[in-house]
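For reference, the chains in residue letters:
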Amino acid sequence: MSNESAVLNQNEYIPTDADFVLKKNNADIEVDSNFASQSFWKEVIARFIRKRSAVFGLVFVLIITFFAFVGPGMNAYTYSGQNLEQKNLAPRIPIIEYTGLFDGHENINTTSGTKTVNYYFEKKLPDTFYWFGSDNFGRDIWTRTWSGAQVSLIIAVAAAIIDMIIGMSYGLISGYFGGKVDMVMQRILEIANGIPRLVIVTLLLLVFKPGMITIIIALMLTEWVGMSRIARAEMLKLKEQEFVLASRTLGAGSMHIIFSEILPNIIGPIITQVMFSIPTAIFTEAFLSFVGLGIPVPRCSLGSLISEGFNSFTTHPYQIIPPIIVMALLMLSFNLVADGLREALDPKLKEM
Amino acid sequence: MAANYNEKPLLEVEGLKQYFPVSKTFTVKAVNDVSFKVYPGETYGLVGESGSGKSTIGRSIIRLYDPTSGKVTFDGMEISGKLSKSTKDKLRVQMQMIFQDPMASLNPRKKIKDIIGEGLDIHHSYKNKQEREEKIEAILAKVGLAKEHADRYPHQFSGGQRQRVGIARALIQNPKLVIADECISALDVSIQAQVVNLMKDIQEETGTAYLFIAHDLSMVKYISDRIGVLHLGHLLETGTTEEIFSNPIHPYTKSLLSAIPVPNPEFEKNRVSVNYDYKTSGIDYEQGTEHLVDGTHYVKCTDEEFKAWT
Amino acid sequence: MSTEKKKEKILDIKNLDITFDTTAGKVHAIRGINIDLYQGETVAIVGESGSGKSVTMRAAMGILAKNATINSGEIIYRYRDNKGGIDYDPDLDKDAQWKETDILKMDKAWIRKHINGRRMAMVFQDPMTSLDPTMTIGKQIMEGMIWHYKIDKKDAWNRSVKLLEEVGIEDAEKRMKQYPHQLSGGMRQRIVIAIALSCNPDLLICDEPTTALDVNIQAKILELIKKIQKERNIAVIYITHDLGVVAKVADYVNVMYAGKIVEVGNINEIFYDPRHPYTWGLLSAMPDLDTDEPRLYTIPGSPPNLLHEKEGDAFAPRNAYALEIDDKKEPPMFEITETHKAATWLLDPRAPKVEMPAELKARIDRMKKEAENNGSKL
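Everything numeric in this text was worked out from a predicted model, so none of it was measured.

**Focus: the overall build of chain A**
Secondary structure summary: chain A contains twelve helices and two strands in total. Secondary structure elements of chain A occur, N-terminal to C-terminal, as α-α-β-β-α-α-α-α-α-α-α-α-α-α. Rg of the C-alpha trace for chain A: 30 Å, well past the compact-globule value of 20 Å for 352 residues, more than 25% over. Projected onto the principal axes, the alpha-carbon positions of chain A cover approximately 100 × 70 × 35 Å. For chain A, the residues scored as buried account for 45% of the 352 residues in total. The long-range fraction of contacts in chain A, counting pairs at least 24 apart against all pairs at least 6 apart in sequence, stands at 74%. Counting 27 positive and 30 negative side-chain charges, chain A places the averaged centre of each group 9 Å from the other.

**A few points about the packing of helix H4 (residues 141-177) of chain A against helix H9 (residues 254-262) of chain A**
All names here are of chain A. The interhelical angle for the contact between H4 and H9, taken along N-to-C directions, is 125 degrees, at an axis separation of 11 Å. Here H4 is positioned oblique relative to H9, judged by the angle of their axes. Like other packed secondary-structure pairs, H4 and H9 cross with a definite hand, here right-handed. Where H4 abuts H9, its residues Ser169, Leu172, Ile173, Tyr176 and Phe177 lie against Ser254, Met255, Ile257, Ile258 and Phe259. Each residue belonging to the contact of H4 with H9 can be placed in one class, and the counts come to eight nonpolar, two polar and no charged.

**A word on helix H11 (residues 277-284) of chain C**
With eight of eight residues buried, H11 of chain C is to be regarded as a mostly interior element. For H11 of chain C, the complete set of buried residues consists of Pro277, Tyr278, Thr279, Trp280, Gly281, Leu282, Leu283 and Ser284 of chain C.

**Here's the deal with the interface of chain C and chain B**
Tallying the contact residues gives 48 residues for chain C and 40 residues for chain B. Here chain C and chain B share an interface that buries about 3,700 Å² over both sides, 53% of which is from carbon and sulfur atoms. Our enumeration of links across chain C and chain B arrives at eight residue pairs in polar contact (both at pLDDT 80 or more). Contributions of two or more residues to the side of chain C that touches chain B are made by helix H8 (215-232), helix H9 (243-249), helix H10 (267-272), H11 and helix H12 (358-373) of chain C. Top element by residues in the side of chain C that touches chain B is H8 of chain C. It accounts for seven residues. Here the residues of the side of chain C that touches chain B sort into 22 nonpolar, eleven polar and 15 charged.

**Let's talk about the environment of Ile108 of chain A**
Residues and elements named next belong to chain A. Inspection of the secondary structure assignment puts Ile108 in strand E1 (residues 105-110). The sequence separation of Ile108 and His316 amounts to 208 residues, and the corresponding C-alpha distance is 8.1 Å. Sequence-distant contacts of Ile108, defined by excluding residues within four places in its chain, comprise Gly113, Thr114, Lys115, Val117, Tyr119 and His316.

**Things to note about the interface of chain A and chain B**
Contact residues are listed per partner, giving 27 residues for chain A and 33 residues for chain B. Across the interface of chain A and chain B, roughly 2,600 Å² is buried in total on both sides, 52% from carbon and sulfur atoms. Three residues stand out in chain A for area buried against chain B, namely Glu242, Thr249 and Leu250 of chain A, and they jointly supply 29% of the buried area on that side. Between chain A and chain B we count one salt bridge in total. In this structure, the salt-bridge partner of Lys110 of chain B is Glu261 of chain A, at a minimum N-O distance of 2.5 Å.

**What to know about the domain arrangement of chain A**
Looking at the assigned domains, one finds that chain A contains domain 1 (40-73 + 148-345) and domain 2 (90-122). Here the C-alpha centroids of domain 1 of chain A and domain 2 of chain A sit 41 Å apart.

**What about the sheet that holds strand E9 (residues 252-257) of chain C?**
Residue and element names in this part refer to chain C. In space, the eight strands of this open sheet follow the order E6-E7-E8-E3-E9-E10-E12-E11, with mixed pairing throughout. Only two strands of the sheet have a single partner each, and these edge strands are strand E6 (120-123) and strand E11 (334-335). The sheet contact formed by strand E3 (residues 42-46) and E9 spans four bridges and is parallel. For Val46, the partnering residue across the bridge sits in E9 and is Val255. The strands touched by helix H7 (residues 185-197) within the sheet are E6 and strand E7 (203-207), with E6 carrying the most contacts at an inclination of about 170 degrees. Most of the contacts of H11 go to E9, to which it runs at about 105 degrees, and overall it touches E3, E9 and strand E10 (260-266).

**Remarks on the packing of aromatic side chains**
In this structure the tally under the stated criterion is 17 aromatic pairs over all chains. One aromatic cluster is present, built from ring pairs that chain together Phe66, Phe67, Trp142 and Trp146 of chain A. The ring of Tyr222 of chain B is capped by Lys200 of chain B, whose NZ or CZ atom sits 3.9 Å from the centre of that ring. Note that Lys221 of chain B overlies the ring of Phe245 of chain B, its terminal NZ or CZ placed 5.8 Å from the centroid.

**Description of the pairing of E7 of chain C**
Residues and elements named next belong to chain C. Within E7, five of the five residues are buried, which leaves it mostly tucked inside the rest of the structure. The alternating pattern of E7 places Leu203, Ile205 and Asp207 and Leu204 and Cys206 on opposite faces, both of which are buried. Relative to E7, E6 runs parallel, the two sharing four bridges. Residue pairing across strands places Met122 opposite Ile205, the latter belonging to E7. Looking at chain direction, E7 and strand E8 (residues 235-240) are connected through five bridges and run parallel. Counted as the bridge partner of Leu204 is Val236 from E8.

**Some details on the pattern of salt bridges**
A side chain of one charge can pair with a side chain of the opposite charge when the charged atoms of the two come close. All chains considered together, the criterion is met by 40 salt bridges over all chains. Note that Arg132 of chain B is salt-bridged to Asp121 of chain B, the shortest N-O span being 2.9 Å. Of the two residues, Arg132 of chain B sits in helix H5 (residues 129-142) while Asp121 of chain B sits in helix H4 (residues 118-123), which places them eleven residues apart along the sequence. On the basis of relative accessibility, which here comes to 8%, the residue Arg132 of chain B falls in the buried class. By relative accessible area, Asp121 of chain B is classed as partly exposed at 26%. Residue Arg318 of chain C pairs with Glu48 of chain C through a salt bridge whose shortest N-O separation is 3.1 Å. Here Glu48 of chain C lies in the loop between E3 and helix H1 (53-61) and Arg318 of chain C lies in the loop between H11 and E11, a separation of 270 residues in the sequence. Accessibility expressed as a relative area gives 5% for Arg318 of chain C, which makes it buried.

**Considerations on the confidence of the model for chain B**
Summarising the model, chain B shows a mean pLDDT of 88, and 99% of its residues fall at 70 or more. The complex prediction reports pTM at 0.84, with the ipTM value standing at 0.88.

**A few points about the environment of Leu203 of chain C**
Residue and element names in this part refer to chain C. Summarising the element assignment, Leu203 is placed in strand E7. When the C-alpha atoms of Leu203 and Ala235 are compared, they prove to be 4.7 Å apart, with 32 residues separating the residues in sequence. If sequence neighbours within four positions are ignored, Leu203 has contacts with Ile10, Leu11, Leu37, Tyr77, Arg119, Met120, Ala121, Ile234, Ala235, Val236 and Ile237.

**Here's the deal with a negative patch on the surface**
A cluster of acidic side chains, namely Asp33, Asp284, Glu286 and Glu290 of chain B, defines a negative patch on the protein surface. Inspection of the secondary structure assignment puts Asp284 of chain B in the loop between helix H12 (278-281) and strand E11 (289-294).

What counts, and where the lines are drawn
- Residues numbered from 1 in each chain as written.
- Chains lettered and ligands numbered in written order.
- Predicted model: local features only at pLDDT ≥ 70, side-chain atom pairs only at ≥ 80, totals over all residues.
- Heavy atoms only, no water.
- Helix = DSSP H or I, 4+ residues; strand = E, 2+ residues; numbered from the N terminus.
- Rg over C-alpha atoms; globule rule 2.2 N^0.38 Å.
- Buried < 20%, exposed > 50% of the residue type's maximum accessible area, 1.4 Å probe, protein only.
- Contact = heavy atoms within 4.5 Å.
- Lys, Arg positive; Asp, Glu negative; His and termini not counted.
- Charge placed at Lys NZ, Arg CZ, Asp CG, Glu CD.
- Axes fitted to C-alpha atoms, helices over the stretch in contact; angles between N-to-C directions.
- Parallel < 35°, antiparallel > 145°, perpendicular 65-115°, else oblique.
- Left-handed = near helix turned anticlockwise from the far one by under 90°.
- Nonpolar A, V, L, I, M, F, W, Y, C, P; charged D, E, K, R; others polar.
- Buried area = accessible area lost by both parts, 1.4 Å probe.
- Polar contact = N/O pair within 3.5 Å; in protein donor to acceptor, adjacent residues only side chain to side chain.
- Salt bridge = Lys/Arg side-chain N within 4 Å of Asp/Glu carboxyl O.
- Domains from an automatic or database assignment.
- Pairing = 2+ DSSP bridges.
- Phe/Tyr/Trp six-rings, centres within 6.5 Å; stacked < 30°, edge-to-face > 60°.
- Lys NZ or Arg CZ within 6 Å of the ring centre and 35° of its normal.
- pLDDT = per-residue confidence, 0-100.
- Patch = residues over 30% accessible without salt bridge, like charges linked within 9 Å, V, L, I, M, F, W, Y side chains within 5 Å.
- Areas by Shrake-Rupley, 256 points an atom, 1.4 Å probe, with all protein chains shown as cover.

This is how it looks when you write it as structure tokens:
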């Protein structure tokens with residue numbers, strides 16, 4: 001065993017005799033002032049940032065959200081303004097058009113073969129620009145895409161948050177009380193879960209008139225089940241923990257324990273679940289719009305845009321591309337963010 | 001220590017049984033006909049291995065479980081049956097618990113001051129915010145933590161510090177009885193002594209009685225006035241610390257005593273612990289009845305066994 | 001410990017220094033430690049949680065977490081080159097060729113193949129989490145043997161049954177087919193020991209092997225490890241915070257604090273002549289049955305947070321015997337005897353004379369007397 005662990009160097013302190021006296025610290029030694037300075041959320045953020053895909057997802061979510069609310073106002077067109085004179089124009093963007101891309105030309109298939117046309121010149125519209133092109137009724141696809149994204153986002157986020165509130169409360173209560181309460185509540189849940197979503201939505205649309213609220217209700221009625229299962233599982237895990245028992249021995253009531261002791265501890269999995277359920281809701285809404293049960297015209301959502309674009313897909317393919325890209329990116333990004341959050345909030349790997 | 005044996009017992013447990021039905025044909029008998037008393041200001045140590053039912057007893061008394069049968073009297077009120085609102089309120093203030101796991105017993109999302117102040121909040125036992133703060137500060141100082149700790153979260157503390165927070169939470173309402181459920185077994189030995197010293201100091205100051213549940217006999221000996229030895233849900237032997245340690249009667253107690261580690265290498269190296277196996281010992285706990293040895297020293301066994309052992 | 005044979009050194013940790021990169025910053029967990037170990041010896045590493053005792057052993061096993069950086073040091077592991085067999089052979093050392101490697105320089109695959117399990121095995125604290133709940137006991141014992149020695153299943157089965165009997169499990173055949181949850185805690189720890197022994201290691205690392213067990217089972221497990229160690233001439237490292245365990249098993253003791261070894265010595269030196277105030281605190285915090293003082297002398301405060309490194313002696317803030325110099329300069333290792341060293345300025349000739357706490361002194365005197373009465377020389 002090597003003996004001297006301290007290697008002397010020039011800067012090292014040379015002790016004097018005055019240093020060899022007992023310190024008079026016996027009084028403050030009794031108060032323990034140690035603590036670690038880490039905060040939980042700081043750590044979560046650090047772990048989240050370390051995961052590159054999650055940051056990428058978050059950036060895209062922010063960009064799309066930004067355009068969803070600002071994009072429709074960026075040009076003079078409105079989402080419902082029709083101009084039948086200027087229908088089916090291909091994308092044309094100022095400045096970029098000189099590169100040959102997005103200069104308003106498109107290939108048209110006719111019986112005599114394929115020809116390249118530029119309607120902007122044919123219709124003598126040198127100062128008109130449809131950045132993403134225009135649709136069958138001469139509406140600006142740029143404006144419609146972003147306002148569609150806006151509608152989809154609002155629906156999805158609203159549905160997810162309402163799900164969270166309903167599902168979470170249901171699951172927490174069911175899990176906490178257990179026994180007969182749990183039995184009855186779980187049977188109800190199974191029945192609710194047993195009815196196919198499309199049936200519920202179709203029935204709902206028979207009763208209410210189609211619209212944003214109706215779709216949100218429809219999504220809410222079906223999505224809360226997953227949330228409540230997660231909340232219940234977390235509750236079962238936590239309710240025998242000693243800090244919950246401690247609350248009980250202090251005389252805390254059930255509601256206090258559920259909502260102020262346990263709930264803050266399951267916020268991690270809950271947020272993750274919300275983030276995962278947003279893309280599901282976006283997709284469901286798009287699906288409903290696509291089959292015609294969604295937002296009524298002239299309003300649009302990503303789903304209804306894709307549906308419209310689909311009709312002219314063979315002749316004017318550029319009309320379907322923007323909403324599809326936006327939707328795909330949106331779903332992917334939300335999933336990436338959710339994935340990153342799950343890992344950041346629930347680190348399985350210990351650091352030491 | 002100001003244990004007062006002339007007064008009425010603070011806690012009286014008579015024939016406590018706690019069964020847990022697992023299925024229709026199988027019931028776990030965690031606690032079987034256990035009786036003991038705790039006097040005001042004393043420390044009663046409950047010792048036994050894991051699965052002996054010692055933690056269950058604590059939880060039945062404080063009514064985290066509903067006792068299957070038996071009578072528990074606390075401070076003159078019966079607390080084993082259905083609880084009236086006033087009894088419950090009194091019980092939740094006057095009897096507190098310190099838990100085993102310093103990691104799990106504090107809510108990770110609450111600040112230390114809110115954890116400690118929870119009892120005050122629930123029972124509205126302060127007039128204004130300032131009084132609450134003052135009470136919390138006073139108790140933090142008492143358990144040897146700094147004032148700045150009040151605004152921190154549990155994960156920022158070491159095990160011993162957290163256990164002190166647990167003690168502060170239990171003591172802030174000046175309870176008459178604190179049930180300490182294995183409150184030192186998850187700590188390092190050096191920190192265990194710290195916590196036990198602290199508990200002793202507080203007892204001297206406030207006269208709180210402790211029901212100290214543990215499996216570590218050396219610490220139990222050090223803190224307890226009287227001890228009960230528990231095995232497989234039966235209270236086998238009870239008496240003052242002196243009586244149990246100088247004159248153990250039951251073979252199980254003897255084996256427990258022989259296994260206590262001592263920081264003396266020469267002694268440890270030559271020691272052989274006494275074996276005890278219930279299955280092969282020929283003792284049937286169900287047959288046993290209480291036999292008085294002397295003073296407050298009781299053993300649970302049959303008449304023949306009693307003759308053979310003493 | 002009076003073996004005639006020459007004892008070979010099998011592990012030599014030199015000046016090991018490790019930091020961990022955490023989200024909160026760099027944690028300097030191990031700050032230059034030295035440990036060596038010879039065949040058949042038992043070394044205990046004692047310290048509070050967070051002192052770095054487990055990290056050291058993880059480094060020795062080559063299983064450090066990914067965020068660890070080794071700043072300096074060597075972990076030299078010495079082994080017989082010609083050792084091939086799965087059975088313990090008492091004549092193995094006769095014409096053994098000893099080879100050495102620095103574990104820190106080898107890659108994980110090599111360590112797994114040549115060191116882990118085969119030459120160095122670990123017994124963890126909690127037998128429930130170190131056993132796989134979905135696998136039968138038999139399968140878990142056989143796994144290592146089959147992987148390391150390529151023996152067939154039947155052979156492995158028979159060897160496992162024998163091992164189970166060796167670690168004191170009755171009905172070994174029956175137990176082989178059972179799952180961990182069907183056994184008691186003490187039994188599970190015996191299984192873990194059997195698994196550790198299955199590949200005939202030279203070195204057994206026991207990380208708090210008995211903290212999760214009841215006192216009476218604790219003693220039995222320690223006796224079992226001791227017995228096996230004697231039979232097979234295995235070296236054992238105990239990582240523990242419990243000096244009662246140390247007193248029972250160890251030959252040498254390293255007391256660790258905040259990533260450093262603060263006192264090292266043979267068992268009698270540490271228990272009967274401790275020099276470091278931290279060791280004093282550890283020793284007197286353990287009540288023995290004859291202690292009648294109303295208060296135990298304890299170490300105040302709590303272990304330091306290694307995120308914030310402190311100048312001088314890391315133990316100074318909790319040390320009732322701290323000197324002024326402790327805040328300015330870290331104490332070097334002072335040699336008391338050839339085997340006994342301690343890192344405290346109290347041992348400097350210029351330091352004032354400080355006695356250990358009176359309670360501890362009285363107890364040590366009593367223990368010494370007791371030991372002398374039993375006929376042991378100190």
